[in-house]
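A closer look at the structure
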Amino acid sequence: MEFREVVRRRRMVRRYTDEPVDPVVVDRMLAHAQRAPNAGFTQGWAFLVLDTPDDVALFWESTGADPDRHNDWLDGMRTAPVVIVPLASKAAYLERYAEPDKGWTDRDEARWPVPYWFVDTGMAALLVLQTAVDEGLGACFFGIPAEHLTSFRAAFGVPEDHAPVGAVTVGHRVADTATTGSPARRERREDVVHRGRW
């Protein structure tokens, strides 16, 4: 598929068929994610892959999804056979930039104009989304509720020095006729590009 078509077709998919996802395709998504740009070639990310029914069910349980409560969004999302959780390590960036070729030996977080550990891991997540489109799959990036981060960490043994930037569901999308998310209710903005000056 042409890259411009991948970009055009990329959207958040919220309901999936029961067809399994080929593990080779999941591995390709993760390989592409690790090609994302990252400051100082720190590679301060990790990816938790949940691709068994038990692990996926535990993900939803640990992040506060109540199986007895009907919710269209959640009911659809829980049909995904794969969940990938990209995690960022701030410590990896602070350590990397204290190395001799960078020279910020004080490891002062204030040196960073923005938290690139989150920026870089977000770019890796986007490559997962784009690879899903290229492979003919659907995917959706969403946040893990802050009040459930502790239970999520406990359920999967996630170390404290890695922060989830969100989660990505992956699967074969259910054929539908229209977008049901925010793009169905909002126009795409055309006033965001400023040339020369604001």
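Notes on the structure follow.

Across its full length, the chain holds seven helices and five strands. In terms of its C-alpha atoms, the chain occupies a principal-axis envelope of roughly 55 × 45 × 30 Å. Across the 198 residues in the chain, those meeting the buried criterion constitute 37%. Residue pairs at least 24 apart in sequence account for 80% of intrachain contacts in the chain once pairs closer than 6 positions are excluded. Entry remark: accessible area of the chain is about 12100 Å², with carbon and sulfur atoms responsible for 51%.

The next subject is the pattern of salt bridges. Within this structure, the stated rule accounts for nine salt bridges. Between aspartate 75 and arginine 78 there is a salt bridge, with the nearest N and O atoms lying 3.2 Å from each other. Judged by relative accessible area, which is 22%, arginine 78 ranks as partly exposed. Where glutamate 109 meets lysine 90, a salt bridge forms, and the shortest distance between an N and an O atom there is 3.0 Å. Residue glutamate 109 is found in the loop between helix H5 (90–96) and helix H6 (116–134), and its partner lysine 90 is found in helix H5; the two are separated by 19 residues along the sequence. You can call glutamate 109 partly exposed: its relative accessible area is 39%. Residue lysine 90 is classed as partly exposed on the basis of its relative accessible area, which comes to 33%. Linked through salt bridges whose partners overlap, the residues forming this network are Arg96, Glu99 and Asp101.

With that settled, consider H6. Within an α-helix, residues lying three or four positions from one another point in the same direction, as the helix has 3.6 residues per turn. Compared with the 27 Å implied by 1.5 Å per residue over 19 residues, the 27 Å span of H6 between its first and last C-alpha is a close match. Within H6, burial applies to Trp117, Asp120, Thr121, Ala124, Ala125, Val128, Leu129, Gln130, Thr131, Ala132 and Val133. Positive phi appears at glycine 136, one or two residues downstream of H6, with a value of about 80°.

Another point: unusual backbone geometry. You will see that phenylalanine 41, though not glycine, has its phi angle at about 50°, which is positive. Among the secondary structure elements, phenylalanine 41 is positioned in the loop between helix H2 (23–33) and strand S1 (45–50). The phi dihedral of arginine 107 falls on the positive side, at around 55°, and the residue is not glycine. On the accessibility criterion, arginine 107 (38% relative accessible area) is partly exposed.

This paragraph deals with a nonpolar patch on the surface. A cluster of nonpolar side chains, contributed by Val114, Tyr116, Val119 and Met123, occupies part of the molecular surface with about 270 Å² of accessible area. Along the polypeptide, tyrosine 116 turns up in helix H6. When its relative accessible area of 31% is taken as the criterion, tyrosine 116 is described as partly exposed.

Rules used in this analysis
Residues numbered from 1 in each chain as written. Predicted model: local features only at pLDDT ≥ 70, side-chain atom pairs only at ≥ 80, totals over all residues. Heavy atoms only, no water. Helix = DSSP H or I, 4+ residues; strand = E, 2+ residues; numbered from the N terminus. Buried < 20%, exposed > 50% of the residue type's maximum accessible area, 1.4 Å probe, protein only. Contact = heavy atoms within 4.5 Å. Areas by Shrake-Rupley, 256 points an atom, 1.4 Å probe, with all protein chains shown as cover. Salt bridge = Lys/Arg side-chain N within 4 Å of Asp/Glu carboxyl O. Expected span 1.5 Å × (residues − 1). Patch = residues over 30% accessible without salt bridge, like charges linked within 9 Å, V, L, I, M, F, W, Y side chains within 5 Å.

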